[in-house]
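Report on the structure
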Amino acid sequence: MVRLDGVGLRYGTGPYVLQDLNFDLAPGSFRWLLGASGAGKTSLLRLLTLAVRPTTGQLSLLGVHVETARRRDLPQLRRQIGTVFQDFRLLAHLSAFDNVALPLRLAGRPEGQLRADVAEMLRWVGLARRAEAHPAELSGGEQQRVAIARAVISRPALLLADEPTGNLDDVQAVRLMQLLAELNRLGTTIVVATHNESLVRRHPARALHLQDGKLREHMEHA
Amino acid sequence: MASLRPRGSDDLGLRRALSDTLLPLLVAAMVFLAALALAGMIAASGLARHWQGGAATLLTVQVPQPDTATNAGPLRAAAVAALLGATPRIAARRLSADELAGILRPWLGTDAGPLALDLPAVFEVRLLDGADPQGLAVQLAKAAPGTLVEQNSVWFDRLGELARSLQASAALAVLVVALVATAVVAVATRAGLAARRDAIEIVYGLGATDRMIAGHFSRRVTMLVFSGAMFGLLLAIPMLLGLATLTAPFSPNAPAAGAAPDVLRALPPLLWALLPVLPLTAAAIGWVTAQATVRRWLAGLP
């Protein structure tokens, strides 16, 4: 599913922000991604979302060798990866409905077939009545829920989340973790970056610890 | 092909990023200029054809002392007339005394007759295909020494060159307008890319292909360019009709004196046929330029 062999990353001619990363994620696995600010969590997520390619080493995602893949092959791969960004990354000029519908439209789902799924997803994240609202009209928590709905609506094979509960109340956070657990049970590989230690304690799973761009060790959090 | 949203939607927010004011106005100005240049090119072409095919095929033959006998016996004018009449692939006509008086009137006034000038006989010779003006001049000099042959084609060849230069200049102007239009569209597209960078990166990250994103830009740009081009063309047509009406008396197809000018026929049919091509060409330039600009920009993304 995900395999990193000696992966390093630097932006331009700057210093390496990730160095010599080696790990495997099996299909249907769950990992917390932990580390202090600046440890490289966001850079690792950027690698896994194909926002950047590794500077060194080999990265295999869903069977595709990213470092040698052709650009035109990557969109198809990206559609199998769902991402919840810390800053939501919603399209400001689109409604909540249209933001959530984007991945399905990109995948070519006919308009008539996606409306029910999008409406259901919005209902699940508690935004059924806010479907036509634009991001500027939504609170931070509501925007985050839209971002989560967008990330999971296409049932991605790999789901990456950067502080997904950062703007959610406890009830919503629990519901999100239940959703992630359900997706995980259905076979989605999930990586969640967080600083929220209580969340990690409540949902024990293996973790990737980053420190100064290097992977310390896989740890079991219980 | 999958699209971001149903046709006509604005997923990338291009309605704000690519203003519907500036780009169409710039394109309108360029199409206006292109229409004028195109009209100039066709007008120059028509004039060149007229000069080459009409007046340029005329010779003027002047026979001094027309009523003096030649060595062979007949009068000089008669000898020239006989020679012209026997020469194949030409049509000759001797100008009457009244026509000569009319030609001389600006210089001699109406009293040329009493001056008792020994006016030359003047023949108007039209050269048909395959005629040999040089050989004819030699034969005329033998038949009536001192006969002058004015070959209009030399002068009209120069006018023809002038017309071709005008055509080339007009064609160059059209080309320059097309290049400027390409540059304007490229700059506008790049401005749109800069303004919507975040949105593009988001949909790109969600799996949008270069084709989808470039398609959104090129549809928007093509629509703006086409509307601007139509506006420019609508502005140009009254101007062209006005110019054509003003220059109608100098046209090969000048209306008869006193006849009301036919506005629609004032422009050559070729121009009427080519004018609608301008907005289509502008739209094609817009589409291709936007596609190329966006795809080149996207190539910088991983």
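Every value quoted in this text rests on a predicted model; they were computed, and no experiment measured them. (Residues numbered from 1 in each chain as written. Chains lettered and ligands numbered in written order. Predicted model: local features only at pLDDT ≥ 70, side-chain atom pairs only at ≥ 80, totals over all residues. Heavy atoms only, no water.)

The next subject is the overall build of chain A. When you go through chain A residue by residue, the secondary structure sums to 7 helices and 10 strands. Rg of the C-alpha trace for chain A: 17 Å, near the compact-globule value of 17 Å for 222 residues, within the 12% margin. On the principal axes, the C-alpha backbone points of chain A span a range of 45 × 40 × 35 Å. With 222 residues in all, chain A has 52% of them scored as buried. (Helix = DSSP H or I, 4+ residues; strand = E, 2+ residues; numbered from the N terminus. Rg over C-alpha atoms; globule rule 2.2 N^0.38 Å. Buried < 20%, exposed > 50% of the residue type's maximum accessible area, 1.4 Å probe, protein only.)

Residue and element names in this part refer to chain A. Secondary-structure assignment places leucine 138 in the loop between helix H4 (111-124) and helix H5 (140-152). Residue classification places leucine 138 among the buried positions, given a relative accessible area of 7%. When the C-alpha atoms of leucine 138 and leucine 127 are compared, they prove to be 9.8 Å apart, with 11 residues separating the residues in sequence. Discounting residues that sit within four places of it in the chain, leucine 138 has contacts with Ala96, Arg130, Ala133, Gln143 and Val146. (Contact = heavy atoms within 4.5 Å.)

Residue-level contacts link 23 residues of chain A with 28 residues of chain B. Counting across the chain A and chain B interface gives 2 salt bridges. We note a salt bridge from glutamate 201 of chain B to arginine 89 of chain A, for which the minimum N-O separation is 3.8 Å. In this structure, the connection of chain A to chain B is made through 7 residue pairs in polar contact (both at pLDDT 80 or more). Among the secondary structure elements, those contributing two or more residues to the side of chain A that touches chain B are helix H2 (74-78) and helix H3 (96-106) of chain A. The leading source of residues in the side of chain A that touches chain B is H3 of chain A, at 5 residues. (Salt bridge = Lys/Arg side-chain N within 4 Å of Asp/Glu carboxyl O. Polar contact = N/O pair within 3.5 Å; in protein donor to acceptor, adjacent residues only side chain to side chain.)

Let us look at the packing of H5 of chain A against helix H6 (residues 170-185) of chain A. All names here are of chain A. Where H5 meets H6, the axes come as close as 12 Å, and the angle between the chain directions of the two elements is 5°. Taken together, the axes of H5 and H6 are roughly parallel relative to one another. Along the contact surface, H5 presents Arg145, Ile148 and Val152, while H6 presents Gln172, Leu176, Leu179 and Leu183. Across the contact of H5 with H6, the residue classes tally to 5 nonpolar, 1 polar and 1 charged. (Axes fitted to C-alpha atoms, helices over the stretch in contact; angles between N-to-C directions. Parallel < 35°, antiparallel > 145°, perpendicular 65-115°, else oblique. Nonpolar A, V, L, I, M, F, W, Y, C, P; charged D, E, K, R; others polar.)

The next point concerns the layout of surface pockets. The volume enclosed by the second largest pocket comes to roughly 520 Å³. Along the walls of the second largest pocket sit 24 residues, with Arg46, Thr49, Ala51, Phe85 and Arg89 of chain A positioned nearest its centre. Looking at the lining of the second largest pocket, the elements that each hand over two or more residues are helix H1 (41-48) and strand S6 (81-84) of chain A together with helix H7 (197-205) of chain B. Here the element with the most residues in the lining of the second largest pocket is H7 of chain B; it accounts for 5 residues. (1 Å grid on protein atoms, 1.4 Å probe; cavity = no way out; pocket = protein on both sides within 12 Å on 5 of 7 lines; lining within 4 Å. Points joined across faces, edges and corners; volume = space filled by probe spheres on them.)

Residue and element names in this part refer to chain A. Here asparagine 184 lies in helix H6. According to the relative accessible area criterion, asparagine 184 is buried, its value standing at 18%. Every residue in contact with asparagine 184, bar those within four places of it in the chain, is listed here: Gly28, Ser29, Phe30 and Ile190.

Considering all chains together, one arrives at 16 salt bridges over all chains under this definition. Residue arginine 123 of chain A is joined to glutamate 120 of chain A by a salt bridge in which the shortest nitrogen-to-oxygen separation is 2.8 Å. Note that arginine 123 of chain A and glutamate 120 of chain A are positioned in helix H4 at a spacing of 3 residues, about one turn of the helix. For glutamate 120 of chain A, a relative accessible area of 41% puts it in the partly exposed group. One salt bridge connects arginine 93 of chain B with glutamate 99 of chain B, and the closest N-O pair in it is separated by 3.1 Å.

This part is about unusual backbone geometry. Residue and element names in this part refer to chain A. Here the phi dihedral of arginine 155 falls at roughly 50°; this positive angle occurs in a residue that is not glycine. Relative to the assigned elements, arginine 155 resides in the loop between H5 and strand S7 (158-162). With a relative accessible area of 58%, arginine 155 lands in the exposed category. Of note in the backbone geometry, aspartate 212 takes a positive phi value of approximately 50° without being a glycine. Relative to the assigned elements, aspartate 212 resides in the loop between strand S9 (206-211) and strand S10 (214-220). Residue class for aspartate 212 comes out exposed when judged on its relative accessible area of 62%.

Along the chain, the position of serine 29 of chain A falls in the loop between strand S2 (16-25) and strand S3 (30-34). The residues touching serine 29 of chain A, leaving out its near neighbours within four places in the chain, are Asn184, Thr188, Thr189 and Ile190 of chain A.

Attention now moves to the confidence of the model for chain A. Residues of chain A with pLDDT of at least 70 account for 97%, and the chain-wide mean is 90. Between the elements of chain A, mean pLDDT differs from a low of 71, seen in S10 of chain A, to a high of 95, seen in strand S4 (residues 56-61) of chain A. (pLDDT = per-residue confidence, 0-100.)

What follows concerns the packing of aromatic side chains. Residues and elements named next belong to chain A. The final tally for this structure, using the stated rule, is 1 aromatic pair over all chains. Considering the side-chain rings of phenylalanine 30 and tryptophan 32, the 5.2 Å spacing of their centres and the 75° angle between planes classify their relative orientation as edge-to-face. A single burial state applies to phenylalanine 30 and to tryptophan 32, both of which are buried. Lying over the aromatic face of phenylalanine 85, arginine 89 brings its terminal NZ or CZ to 5.1 Å of the ring centre. (Phe/Tyr/Trp six-rings, centres within 6.5 Å; stacked < 30°, edge-to-face > 60°. Lys NZ or Arg CZ within 6 Å of the ring centre and 35° of its normal.)

With that out of the way, let us pick up the pairing of strand S8 (residues 189-193) of chain A. Residues and elements named next belong to chain A. Within S8, 5 of the 5 residues are buried, which leaves it mostly tucked inside the rest of the structure. Covered by surrounding structure in S8 are Thr189, Val191 and Ala193 together with Ile190 and Val192, the residues of both alternating faces. Across 4 bridges, S3 lies against S8 in parallel orientation. Bridge assignment links phenylalanine 30 to a residue of S8, and that residue is isoleucine 190. With 5 bridges connecting them, S7 and S8 associate as parallel partners. When the bridges of S8 are listed, leucine 159 appears paired with isoleucine 190. Handedness of the S7-H6-S8 crossover: right-handed. (Pairing = 2+ DSSP bridges. Right-handed = clockwise from strand over helix to strand, strands pointing away.)

On to the sheet that holds S2 of chain A. Residue and element names in this part refer to chain A. Reading across the sheet, the 4 strands line up as S2-S1-S4-S5 and stay open at both edges, with antiparallel pairing between neighbours. Two strands lie at the open edges of the sheet, namely S2 and strand S5 (64-65), each paired on one side alone. Bridge count for strand S1 (residues 2-10) against S4 is 5 bridges, and the pairing is antiparallel. Bridged to leucine 4 within S4 is leucine 59.

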